[in-house]
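Each chain, letter by letter, is given below.
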Amino acid sequence: MSADRAGPAQVLVIEDEAPIRQLLRTTLEAEGYIVHEAAGAREGETLAGNRRIDLFLVDLGLPDGDGTALIRRLRVWTQRPVIVLSARSMESQKVEALDAGADDFVAKPFGVAELHARLRVALRHAAQTSQGGDARLVLGPVLIDLAAKTVLRSGERVRLTATQWRLLEVLARHAGRVVTARQLLREVWGPAHAEQSHYLRIYVRQLRQKLELEPSKPQFLITETGIGYRLLVEAAPPPGD
Ligand code: CA
């Protein structure tokens, strides 16, 4: 599951509600993960330091500390994926956790299929990052080549402005994972523009016109309401294909 380490991936669940921990353990073990559990931030940090953890699942509302602060402390020493468990309505909390270094979120109550998909994407991305990244991405009829900086749609070259390309590139580097509006604005327009979300809406609309089959019903460049955007991709073609 993780290219740089042998054996099944080890997941640390940091969640104070015992029934949710039990549900996560059952469903993750059924998929072949090794599961460690912590009921609070302190216990979670201790376990994180003592086990070879491949992925962290962190509840944001913990009795002995804020999950976002915990993520900041984890990010000081580990780049392993962190997925946040959060109530569906808590958008600002999710944004804060993502900006603190979390890779993605799963909204509670979560669907098992969604949970497994998020974990697979996060672990695949972590493995690819350690191998230098995935240079080619497929979105239906669209092929994005990050190394060559080209986009083909049904074999035809799609022309993008420099800003459209930068936005697509940031989303593609986080393929399958949510990227917050603030992060996109910072990376594409610079830190002085981190609050100007109207820029983002304009350019997202332009990219959808060029990439989506039905721009008003996007299948690839997805809005995560109140949070940001997610580029859904298929597996990359084999090199040289
Ligand atoms: Ca909680």
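Refer to the structure above for everything that follows.
Keep in mind that this is a model prediction, so the values were computed, not measured.

> Would you mind going over the packing of aromatic side chains in detail, with residue names and values included?
Counting across every chain of the model gives two aromatic pairs. Ring geometry for Trp 189 and Tyr 203: centres 5.4 Å apart, planes at 65°, overall edge-to-face. Here Trp 189 is found in helix α7 (residues 181–189), whereas its partner Tyr 203 is found in helix α8 (residues 197–211), with 14 residues between them in sequence. Cluster of aromatic residues (ring-pair linked, three or more members): Trp 189, Tyr 199 and Tyr 203.

> Go over the sheet that holds strand β14 (residues 228–231), please, and point to the residues and values.
The three strands lie next to each other as β12-β14-β13, forming an open sheet whose pairing is antiparallel. One side of each edge strand has no neighbouring strand; the edge strands of this open sheet are β12 (178–180) and β13 (221–224). When strand polarity is set aside, the average angle formed by the axes of neighbouring strands in this sheet is 30°. Each of β13 and β14 is contacted by α8, which is oriented at about 150° to β13, the strand it contacts most.

> Which residues make up the pairing of β14, and what values do they have?
Note: β12 against β14, three bridges, orientation antiparallel. Residue pairing in the sheet places Val 178 in a bridge with Arg 230 of β14. For β13 and β14, the ladder comprises four bridges, and the chain directions are antiparallel. Across the sheet, the residue bridging to Glu 224 is Gly 228, located in β14. Linking β13 to β14, which pair antiparallel, is a turn of three residues; within it Gly 226 sits at a positive phi near 80°.

About the thresholds
Residues numbered from 1 in each chain as written. Predicted model: local features only at pLDDT ≥ 70, side-chain atom pairs only at ≥ 80, totals over all residues. Heavy atoms only, no water. Phe/Tyr/Trp six-rings, centres within 6.5 Å; stacked < 30°, edge-to-face > 60°. Helix = DSSP H or I, 4+ residues; strand = E, 2+ residues; numbered from the N terminus. Pairing = 2+ DSSP bridges. Axes fitted to C-alpha atoms, helices over the stretch in contact; angles between N-to-C directions. Contact = heavy atoms within 4.5 Å.

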